[in-house]
Amino acid sequence: MARPKTVPDKKPSRELLLEAAFDLIRSQGFGATTVDAICERAGVSKGTFFHNFKSKEDLGVEAANHWSKVTSELFAGAPYHGKKDPLERFLGYVRFRKEILKGELAEFTCLVGTMIQEVYASHPGVNRACFDSISRHAGNLVKDIEEAKKVHAPKDKWSPRSLALHTQAVLQGAFILAKASADRGLAVESIEHLENYIRLLFKK
(Lines give C-alpha, C1' and ligand atoms only; values in the text may rest on other atoms or scores of the structure.)
Protein backbone atom coordinates (compact mmCIF):
# COMPACT_ATOMS: atom_id res chain seq x y z
CA MET A 1 0.00 0.00 0.00
CA ALA A 2 1.45 3.34 -1.04
CA ARG A 3 1.84 6.28 1.29
CA PRO A 4 -1.06 8.76 1.03
CA LYS A 5 -0.16 11.81 -1.04
CA THR A 6 -2.89 14.15 0.15
CA VAL A 7 -0.62 15.79 2.70
CA PRO A 8 2.93 16.68 1.65
CA ASP A 9 5.50 14.73 3.65
CA LYS A 10 8.37 16.89 4.85
CA LYS A 11 10.75 14.00 5.45
CA PRO A 12 13.69 13.72 3.04
CA SER A 13 13.12 11.22 0.24
CA ARG A 14 16.03 9.08 1.50
CA GLU A 15 14.36 8.66 4.89
CA LEU A 16 11.01 7.86 3.26
CA LEU A 17 12.66 5.16 1.17
CA LEU A 18 14.44 3.65 4.18
CA GLU A 19 11.23 3.59 6.22
CA ALA A 20 9.42 1.95 3.32
CA ALA A 21 12.20 -0.64 3.11
CA PHE A 22 11.86 -1.31 6.86
CA ASP A 23 8.15 -2.06 6.45
CA LEU A 24 8.37 -4.16 3.32
CA ILE A 25 11.48 -6.19 4.12
CA ARG A 26 10.23 -7.11 7.60
CA SER A 27 6.87 -8.21 6.19
CA GLN A 28 7.97 -10.06 3.03
CA GLY A 29 11.75 -10.39 3.01
CA PHE A 30 14.60 -8.78 1.09
CA GLY A 31 14.31 -10.92 -2.04
CA ALA A 32 10.58 -10.33 -2.49
CA THR A 33 10.85 -6.58 -1.93
CA THR A 34 11.27 -4.78 -5.25
CA VAL A 35 12.54 -1.28 -5.94
CA ASP A 36 9.16 -0.49 -7.49
CA ALA A 37 7.34 -1.56 -4.31
CA ILE A 38 9.64 0.51 -2.13
CA CYS A 39 9.07 3.57 -4.31
CA GLU A 40 5.31 3.05 -4.24
CA ARG A 41 5.26 2.69 -0.45
CA ALA A 42 7.47 5.75 -0.02
CA GLY A 43 5.45 7.81 -2.51
CA VAL A 44 8.49 8.74 -4.62
CA SER A 45 9.64 8.06 -8.19
CA LYS A 46 12.08 5.41 -9.29
CA GLY A 47 14.42 8.18 -10.36
CA THR A 48 14.40 9.47 -6.80
CA PHE A 49 15.34 5.99 -5.60
CA PHE A 50 18.40 5.85 -7.85
CA HIS A 51 19.33 9.39 -6.90
CA ASN A 52 19.66 8.17 -3.30
CA PHE A 53 20.88 4.58 -3.78
CA LYS A 54 23.06 2.97 -6.45
CA SER A 55 21.20 -0.36 -6.28
CA LYS A 56 18.91 -2.47 -4.17
CA GLU A 57 21.97 -3.93 -2.44
CA ASP A 58 23.15 -0.41 -1.62
CA LEU A 59 19.72 0.23 -0.11
CA GLY A 60 20.05 -2.96 1.95
CA VAL A 61 23.37 -1.80 3.39
CA GLU A 62 22.04 1.66 4.18
CA ALA A 63 18.83 0.20 5.65
CA ALA A 64 20.91 -1.91 8.06
CA ASN A 65 22.95 1.14 9.06
CA HIS A 66 19.86 3.30 9.51
CA TRP A 67 18.19 0.52 11.52
CA SER A 68 21.15 0.63 13.91
CA LYS A 69 20.71 4.37 14.35
CA VAL A 70 16.94 4.21 14.90
CA THR A 71 17.05 1.28 17.33
CA SER A 72 20.03 2.74 19.23
CA GLU A 73 17.96 5.83 19.94
CA LEU A 74 15.05 3.67 21.16
CA PHE A 75 17.19 1.61 23.54
CA ALA A 76 19.24 4.58 24.74
CA GLY A 77 16.05 6.11 26.17
CA ALA A 78 14.72 2.92 27.78
CA PRO A 79 14.05 3.00 31.56
CA TYR A 80 16.29 0.06 32.52
CA HIS A 81 19.36 2.31 32.26
CA GLY A 82 18.32 3.97 35.53
CA LYS A 83 18.85 0.85 37.66
CA LYS A 84 21.88 0.89 39.99
CA ASP A 85 22.73 -2.81 39.83
CA PRO A 86 24.37 -3.65 36.45
CA LEU A 87 22.74 -7.08 36.48
CA GLU A 88 19.33 -5.47 36.90
CA ARG A 89 20.15 -3.19 33.94
CA PHE A 90 20.98 -6.23 31.84
CA LEU A 91 17.85 -8.09 32.96
CA GLY A 92 15.88 -4.89 32.42
CA TYR A 93 17.09 -4.84 28.82
CA VAL A 94 15.82 -8.41 28.33
CA ARG A 95 12.46 -7.57 29.87
CA PHE A 96 12.26 -4.44 27.69
CA ARG A 97 12.74 -6.62 24.61
CA LYS A 98 9.73 -8.63 25.75
CA GLU A 99 7.65 -5.53 26.44
CA ILE A 100 8.10 -4.15 22.92
CA LEU A 101 6.75 -7.29 21.22
CA LYS A 102 3.62 -5.43 20.21
CA GLY A 103 1.59 -5.09 17.04
CA GLU A 104 1.86 -7.28 13.96
CA LEU A 105 4.80 -9.67 13.59
CA ALA A 106 6.52 -7.44 11.03
CA GLU A 107 6.28 -4.48 13.40
CA PHE A 108 8.35 -6.01 16.21
CA THR A 109 10.73 -8.32 14.39
CA CYS A 110 14.25 -7.25 13.50
CA LEU A 111 15.10 -5.86 10.07
CA VAL A 112 18.72 -7.00 10.07
CA GLY A 113 17.84 -10.43 11.45
CA THR A 114 15.26 -10.83 8.70
CA MET A 115 17.68 -9.79 5.97
CA ILE A 116 20.63 -11.86 7.14
CA GLN A 117 18.62 -15.08 6.84
CA GLU A 118 18.38 -14.46 3.09
CA VAL A 119 21.50 -12.57 2.10
CA TYR A 120 24.36 -14.23 3.97
CA ALA A 121 25.63 -15.95 0.80
CA SER A 122 24.15 -13.83 -2.00
CA HIS A 123 24.75 -10.21 -0.90
CA PRO A 124 28.00 -10.01 1.11
CA GLY A 125 27.80 -6.24 1.58
CA VAL A 126 24.33 -6.45 3.09
CA ASN A 127 25.42 -9.46 5.15
CA ARG A 128 28.33 -7.52 6.67
CA ALA A 129 26.12 -4.52 7.42
CA CYS A 130 23.56 -6.75 9.14
CA PHE A 131 26.17 -8.47 11.31
CA ASP A 132 27.76 -5.12 12.14
CA SER A 133 24.35 -3.88 13.29
CA ILE A 134 23.73 -6.90 15.52
CA SER A 135 27.30 -6.80 16.82
CA ARG A 136 27.10 -3.09 17.68
CA HIS A 137 23.84 -3.63 19.51
CA ALA A 138 25.36 -6.51 21.47
CA GLY A 139 28.35 -4.29 22.22
CA ASN A 140 26.07 -1.83 24.01
CA LEU A 141 25.34 -4.56 26.58
CA VAL A 142 28.95 -5.53 27.28
CA LYS A 143 29.75 -2.86 29.88
CA ASP A 144 26.77 -3.79 32.08
CA ILE A 145 27.56 -7.50 31.72
CA GLU A 146 31.22 -6.89 32.64
CA GLU A 147 30.21 -4.98 35.76
CA ALA A 148 27.60 -7.58 36.69
CA LYS A 149 30.14 -10.38 36.28
CA LYS A 150 32.60 -8.64 38.61
CA VAL A 151 29.91 -8.41 41.30
CA HIS A 152 27.95 -11.64 40.86
CA ALA A 153 30.15 -14.15 39.01
CA PRO A 154 33.82 -13.03 39.26
CA LYS A 155 35.31 -16.54 38.98
CA ASP A 156 33.34 -17.69 35.94
CA LYS A 157 35.31 -18.08 32.70
CA TRP A 158 32.77 -16.99 30.05
CA SER A 159 33.26 -13.63 28.33
CA PRO A 160 30.80 -10.74 28.59
CA ARG A 161 30.88 -10.24 24.82
CA SER A 162 29.96 -13.87 24.16
CA LEU A 163 26.96 -13.53 26.48
CA ALA A 164 25.91 -10.30 24.77
CA LEU A 165 26.02 -12.04 21.38
CA HIS A 166 24.22 -15.10 22.77
CA THR A 167 21.46 -12.78 23.97
CA GLN A 168 21.03 -11.53 20.40
CA ALA A 169 21.02 -15.09 19.08
CA VAL A 170 18.15 -16.01 21.40
CA LEU A 171 16.20 -12.88 20.46
CA GLN A 172 16.61 -13.51 16.73
CA GLY A 173 15.58 -17.13 17.25
CA ALA A 174 12.52 -15.95 19.16
CA PHE A 175 11.52 -13.81 16.18
CA ILE A 176 11.93 -16.80 13.85
CA LEU A 177 9.67 -18.93 16.06
CA ALA A 178 7.05 -16.18 16.15
CA LYS A 179 7.09 -15.87 12.36
CA ALA A 180 7.06 -19.62 11.75
CA SER A 181 4.09 -20.17 14.06
CA ALA A 182 2.36 -16.78 13.66
CA ASP A 183 2.36 -16.83 17.46
CA ARG A 184 3.87 -13.92 19.40
CA GLY A 185 3.60 -16.03 22.55
CA LEU A 186 6.46 -18.31 21.49
CA ALA A 187 8.76 -15.29 21.27
CA VAL A 188 7.65 -14.15 24.71
CA GLU A 189 8.37 -17.59 26.20
CA SER A 190 11.83 -17.70 24.59
CA ILE A 191 12.72 -14.33 26.11
CA GLU A 192 11.45 -15.48 29.51
CA HIS A 193 13.71 -18.56 29.26
CA LEU A 194 16.59 -16.22 28.41
CA GLU A 195 15.91 -14.19 31.54
CA ASN A 196 15.85 -17.36 33.64
CA TYR A 197 19.12 -18.53 32.08
CA ILE A 198 20.80 -15.21 32.88
CA ARG A 199 19.64 -15.42 36.49
CA LEU A 200 21.09 -18.94 36.78
CA LEU A 201 24.33 -17.83 35.16
CA PHE A 202 24.71 -15.05 37.70
CA LYS A 203 23.43 -17.28 40.51
CA LYS A 204 20.45 -14.97 41.09
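Bear in mind the structure is a predicted one, so any value in this text is a computation, not a measurement. (Residues numbered from 1 in each chain as written. Predicted model: local features only at pLDDT ≥ 70, side-chain atom pairs only at ≥ 80, totals over all residues. Heavy atoms only, no water.)

### Some words on the overall build of the chain
Filter applied, for reference: Starting at the N terminus, helices and strands are each numbered in turn, a helix being any DSSP run of H or I of at least four residues and a strand any DSSP run of E of at least two. A simple rule labels every residue: compare its accessible area, found with a 1.4 Å probe on the protein chains alone, to the largest value its type can have, and call it buried under 20%, exposed over 50%, or partly exposed in between. Contacts were defined at the residue level, with two residues in contact if any of their heavy atoms lie within 4.5 Å.
For the chain, the helix and strand inventory stands at 10 helices and zero strands. Ordered by position from N to C terminus, the α and β elements of the chain give α-α-α-α-α-α-α-α-α-α. Counting every position in the chain, which comprises 204 residues, the buried fraction comes to 45%. Taking as baseline every contact in the chain between residues at least 6 positions apart, the subset at least 24 positions apart corresponds to 68%.

### Remarks on helix α2 (residues 35-42)
The criterion, for reference: Read the arc as the range of directions from the helix axis to the C-beta atoms.
What α2 keeps buried is the set V35, I38, C39 and A42. Each buried residue of α2 lies within a common arc of 100° when the element is viewed along its axis, so the set occupies one face. Taken together, the buried residues of α2 touch α1 (13-28), α3 (46-52) and α4 (56-76). Just past α2, the residue G43 takes up positive phi, approximately 75°.

### Topic: the nonpolar core
Put simply, the rule reads: We call a set of buried residues a nonpolar core when its members are Ala, Val, Leu, Ile, Met, Phe, Trp, Tyr or Cys and they connect through side-chain atoms within 4.5 Å of each other.
L17, F90, M115, I145, I198 and F202 are the most contacted members of the largest nonpolar core, which has 61 residues in total. Listing elements by their share of this core, those giving two or more residues are α1, α2, α4, α5 (86-99), α7 (111-119), α8 (124-152), α9 (160-181) and α10 (184-201). At nine residues, the largest contribution of residues to this core is made by α8.

### A closer look at the packing of aromatic side chains
Put simply, the rule reads: Only centres within 6.5 Å qualify two rings of Phe, Tyr or Trp (six-membered ring in Trp) as a pair; their planes then separate them into stacked at under 30 degrees, edge-to-face at over 60, and tilted for everything else. For a ring to carry a charge above it, either NZ of a lysine or CZ of an arginine must fall within 6 Å of the ring centroid while also lying within 35 degrees of the normal to the ring plane.
According to the stated counting rule, one finds nine aromatic pairs in the structure shown. Ring geometry for F75 and F96: centres 5.6 Å apart, planes at 80°, overall edge-to-face. Of this pair, F75 sits in helix α4 while F96 sits in helix α5, and the two are 21 residues apart along the sequence. An aromatic cluster is present here, built from F75, Y80, Y93 and F96 joined pairwise through their rings. When the ring centre of F30 is taken as reference, the NZ or CZ atom of K56 above it lies at 4.6 Å. Directly above the aromatic system of W158 lies the positively charged group of K149, at a separation of 5.4 Å from the ring centroid.

### Some points on α7
For α7, the complete set of buried residues consists of L111, V112, G113, T114, M115 and V119. For α7, the elements touching its buried residues are α1, α4, α8 and α9.

### Notes on the packing of α5 against α8
Heads up, the rule is: An axis is simply a line fitted to the C-alpha atoms; with a helix, the fit covers only the stretch in contact. Between two such axes, the angle follows the N-to-C directions and lies from 0 to 180 degrees. Each angle gets one of four labels, with under 35 degrees taken as roughly parallel, over 145 as roughly antiparallel, 65 to 115 as roughly perpendicular, and the rest as oblique. Left-handed describes a crossing whose near helix is turned anticlockwise from the far helix through less than a right angle; right-handed describes the clockwise counterpart.
Between α5 and α8, whose axes approach to 7 Å, the crossing angle comes to 140°. If you check the angle between α5 and α8, you find them oblique. Taken as a pair, α5 and α8 cross one another with a handedness that is left-handed. From α5, P86, L87, R89, F90, Y93 and R97 reach across to α8, where they touch H137, L141, D144, I145, E147, A148 and H152.

### Regarding unusual backbone geometry
Not every positive phi belongs to a glycine, and A182 is a case in point at roughly 55°. Relative to the helices and strands, A182 is located in the loop between α9 and α10. Taking relative accessible area as the criterion, A182 reaches 62% and is therefore assigned exposed.

### Thoughts on the side chain of S190
By the secondary structure assignment, S190 is in helix α10. With residues near it in sequence (within four places) discarded, S190 still touches V170, A174 and L177.

### Here's the deal with the environment of S181
Rules: Polar contacts here mean pairs of N or O atoms no more than 3.5 Å apart (in protein, one a potential hydrogen donor and the other a potential acceptor; neighbouring residues in sequence count only if both atoms are side-chain atoms).
As for its position among the elements, S181 is in helix α9. Relative accessible area serves as the criterion here: at 35%, S181 is assigned to the partly exposed category. In this structure the side chain of S181 is engaged in a polar contact, spanning 2.7 Å, whose partner is the backbone oxygen of L177.

### A few points about the pattern of salt bridges
Note the following rule: One side-chain nitrogen of Lys or Arg within 4 Å of one carboxyl oxygen of Asp or Glu is enough to make a salt bridge.
Going through the model one piece at a time under the given rule, you end up with 12 salt bridges. Note that E62 is salt-bridged to R14, the shortest N-O span being 3.2 Å. Highlighted residues: E62 in helix α4 and R14 in helix α1, separated in sequence by 48 residues. Judged by its relative accessible area of 30%, R14 falls in the partly exposed class. Among the salt bridges present, the one from R89 reaches E147, with a minimum N-O distance of 2.9 Å. Taken as a pair, R89 in helix α5 and E147 in helix α8 lie far apart in primary sequence, 58 residues in all. Given a relative accessible area of 29%, E147 falls into the partly exposed group. Taken together, the shared-partner salt bridges connect E88, R95, E195 and R199 into one network.

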